[in-house]
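Coordinate inspection notes
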Amino acid sequence: MLAAAVDLARAAAQLEAGADRVGAHVAVQAEDEAAATHLFEAGHPGYQGWNWAVTVAFAGPGTQVTVSEVVLLPGADALVGPEWVPWNERVRAGDLGVGDLMPTSPDDLRLVPGYLESDDPAIEAVANEIGLGRVRVLSREGRLDAADRWHGGDFGPRSEMARSAPATCGTCGFYTQIAGSLGAAFGICANELTPADGHVVHVDYGCGAHSEVEVDAGPAVPVADLVYDDALLDVEVTPQTRREAVPQAATSAEDAASSEDAASSEAAGQESAEAVAPELSEAVAPESTEEAAPGVEL
Ligand code: SF4
């Protein structure tokens with residue numbers, strides 16, 4: 001009886017959708033012993049795969065079949081929107097803008113009551129004074145959540161900066177510890193020269209601005225301990241230098257004056273030696289200081 005009520009169901013669908021929007025009969029589904037649903041193709045543009053579902057029912061033998069409900073439902077191949085996700089599960093870090101409000105739900109697992117309110121005004125006053133005035137505080141779950149997030153974040157020990165740092169925040173003078181159990185692994189960086197300034201950093205994070213970092217400020221090219229500037233050598237002629245220079249001077253004297261007298265030759269030699277000294281100093285000066293000419297003091 002319910003399965004045979006196709007025309008009644010179609011008429012009800014056409015009344016809802018319009019005569020030309022209800023297509024072929026697709027199927028009939030039993031709901032229970034007193035109700036069944038007839039499905040018709042929906043002829044609406046953009047609703048491919050959707051069906052008009054008309055539920056019909058009757059009250060028992062001797063009663064008429066009546067229409068209970070007419071709705072448009074997606075079929076197995078219908079194009080449907082993504083599954084609905086509540087807004088508080090959709091928001092992400094960074095979605096909160098200036099002036100936005102993002103309330104926490106009363107059953108937020110990250111929060112637990114800060115303390116149980118007393119009906120004694122004296123106790124309430126003391127509670128506020130010692131800092132128990134917050135209605136809710138972080139729960140264990142909330143603390144573990146935060147620790148996980150910070151540990152795996154930009155200022156955690158696995159970040160690229162931390163892996164190339166010379167030392168960790170735990171040994172840095174700019175590391176400021178935070179109170180509570182989270183202080184065992186986290187603190188605040190107070191160094192304005194690092195991107196972590198003002199952020200929670202893990203004790204094993206680190207950066208190149210660590211307070212104890214040392215940089216080798218020596219020259220890039222190795223330099224010997226002792227350096228001689230051979231462009232500024234002072235050359236002093238000693239008596240030994242003079243004696244060795246005499247023969248050369250004598251030869252020069254012979255070429256110049258053809259001296260016959262040995263005594264006069266020596267005298268001439270002494271004069272020539274003095275004349276030769278500047279030549280000698282010029283010859284010696286450019287040479288290495290370690291191999292200076294014998295008798296030349298530098
Ligand atoms: S300066 Fe660098 S090493 Fe020091 S606390 Fe800040 S982030 Fe850590």
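Residues numbered from 1 in each chain as written. Predicted model: local features only at pLDDT ≥ 70, side-chain atom pairs only at ≥ 80, totals over all residues.

The name an unreviewed UniProt entry gives the protein is DUF3027 domain-containing protein, with Solihabitans fulvus as the organism.

Overview of the pairing of strand β8 (residues 186-189)
So the rule is basically this: In this scheme, strands are said to pair when DSSP sees at least two bridges between them. Elements are defined by DSSP. Helices are runs of H or I of four residues or more, strands are runs of E of two residues or more, and each kind is numbered from the N terminus.
Relative to β8, strand β7 (residues 175-177) runs antiparallel, the two sharing three bridges. For Thr176, the partnering residue across the bridge sits in β8 and is Ile188. As judged from the three bridges shared by β8 and strand β9 (residues 200-202), these two strands associate in the antiparallel manner. Within β9, the position partnered with Gly187 by the bridge is Val201.

Some thoughts on the sheet that holds strand β1 (residues 22-32)
Test applied: Working convention: axes come from line fits to C-alpha atoms, limited for helices to the stretch in contact. Angles between N-to-C directions cover 0 to 180 degrees. In this description, a residue-residue contact is defined by the distance between C-beta atoms placed from the backbone, which must lie within 7 Å.
With antiparallel pairing, four strands are arranged side by side in an open sheet as β1-β2-β3-β4. Edge positions in the sheet fall to β1 and β4 (66-74), since each has one partner strand and no second. Within the sheet, the average angular offset between the axes of one strand and its neighbour, ignoring direction, is 20 degrees. Strand contacts of helix α1 (residues 6-17): β1, β2 (35-42), β3 (50-57) and β4, with the helix running at about 125 degrees to β3, the strand carrying the most contacts.

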